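Here is how the chains run, residue by residue.
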Amino acid sequence: QVQLVESGGGLVQAGGSLRLSCAASGSISSINTMRWHRQAPGKQRELVASITSGGSTIYADSVKGRFTISRDNAKNTVYLQMNSLKPEDTAVYYCAYVTVNGAYWGQGTQVTVSS
């Protein structure tokens with residue numbers, strides 16, 4: 001079992017920044033991928049960014065150049081630095097921990113960007 005605890009969400013004005021954190025604990029594999037997804041009201045959950053244990057990253061086109069995913073393997077923690085936030089970034093952001101054995105999800109953290 002793996003537990004994920006997210007933090008860092010909140011309310012911010014357009015153009016502002018937030019940093020999300022997700023700490024994993026439990027049966028952590030040295031080879032894993034950690035992802036941030038988001039789900040806005042009435043929309044499907046979408047992948048925002050992904051980072052492997054080796055540091056390879058993937059970003060959704062909508063956040064490229066504005067968001068940065070990073071991780072601290074010693075702390076089993078993944079971060080999402082979000083800059084130049086837009087109202088359309090408003091969503092619940094979920095952390096996911098993925099291995100060949102399956103995926104675990106955090107409880108989500110709300111990010112609201114006001115115009």
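Above this text you will find the structure in question.
Calculation notes
- Residues numbered from 1 in each chain as written.
- Predicted model: local features only at pLDDT ≥ 70, side-chain atom pairs only at ≥ 80, totals over all residues.
- Heavy atoms only, no water.
- Phe/Tyr/Trp six-rings, centres within 6.5 Å; stacked < 30°, edge-to-face > 60°.
- Buried < 20%, exposed > 50% of the residue type's maximum accessible area, 1.4 Å probe, protein only.
- Lys NZ or Arg CZ within 6 Å of the ring centre and 35° of its normal.
- Disulfide = S-S within 2.5 Å.
- Helix = DSSP H or I, 4+ residues; strand = E, 2+ residues; numbered from the N terminus.
- Contact = heavy atoms within 4.5 Å.
- Pairing = 2+ DSSP bridges.
- Axes fitted to C-alpha atoms, helices over the stretch in contact; angles between N-to-C directions.

Quick notes on the packing of aromatic side chains
To describe a pair of aromatic rings, one takes the distance between the centres and the angle between the planes.
Next up, step 1: Within this structure, the stated rule accounts for one aromatic pair.
Next up, step 2: Aromatic pair Tyr97 and Tyr104: ring centres 6.4 Å apart, planes at 50°, arrangement tilted.
Next up, step 3: According to the relative accessible area criterion, Tyr97 is buried, its value standing at 2%.
Next up, step 4: Here Tyr104 falls in the partly exposed class, since its relative accessible area comes to 29%.
Next up, step 5: The ring of Tyr79 carries Arg19 above its face, with NZ or CZ at 4.1 Å from the centroid.
Next up, step 6: If you follow Arg45 out to its NZ or CZ, it ends over the ring of Trp105, 4.8 Å from the centre.

Things to note about the state of the cysteines
Next up, step 1: Considering all chains together, one arrives at one disulfide under this definition.
Next up, step 2: The partner cysteine of Cys22 in its disulfide is Cys95, sulfur to sulfur 2.1 Å. Handedness here is read from the sign of the S-S torsion; for Cys22 and Cys95, about -80°, the answer is left-handed. Here Cys22, found in strand S3 (residues 18-26), pairs with Cys95, found in strand S9 (residues 91-99); they are 73 residues apart in sequence, far enough to count as distant. By the burial criterion, Cys22 is buried, and Cys95 matches it.

Concerning the environment of Ala40
Next up, step 1: Checked against the element boundaries, Ala40 lands in the loop between strand S4 (33-39) and strand S5 (46-52).
Next up, step 2: Residues Ala40 and Leu18, 22 residues apart in the sequence, show an inter-C-alpha distance of 17 Å.
Next up, step 3: Excluding residues that lie within four positions of it along the chain, Ala40 makes contacts with Thr90 and Ala91.

What to know about the sheet that holds strand S8 (residues 77-82)
Next up, step 1: An order of S1-S3-S8-S7 is seen for the four strands of this open sheet, with the pairing classed as antiparallel. Strands with a single pairing partner mark the edges of an open sheet, and in this sheet they are strand S1 (2-7) and strand S7 (67-72). Going across the sheet, the axis of each strand differs from the next one's by a mean of 15°, ignoring polarity.
Next up, step 2: Strand direction decides the pairing type here: S3 and S8, joined by six bridges, are antiparallel. Across the sheet, Leu18 pairs through a bridge with Met82, a residue of S8.

Examining the pairing of S7
Next up, step 1: Residue alternation in S7 divides its side chains into a buried set, Phe67, Ile69 and Arg71, and an unburied set, Thr68, Ser70 and Asp72.
Next up, step 2: Inspection of the sheet shows S7 paired to S8 by six bridges, in the antiparallel sense. Note on S8: the bridge partner recorded for Phe67 is Met82.

Some details on the pairing of S5
Next up, step 1: Across six bridges, the pairing between S4 and S5 is antiparallel. Within the sheet, the bridge partner assigned to Met34 lies in S5 and is Ile51.
Next up, step 2: The turn linking S4 back onto S5 is made up of six residues, and Gly42 within it adopts a positive phi angle of 75°.
Next up, step 3: One ladder, built from three bridges, connects S5 with strand S6 (residues 57-59); its direction is antiparallel. Each residue of the ladder has a partner; that of Ser50, found in S6, is Ile58.

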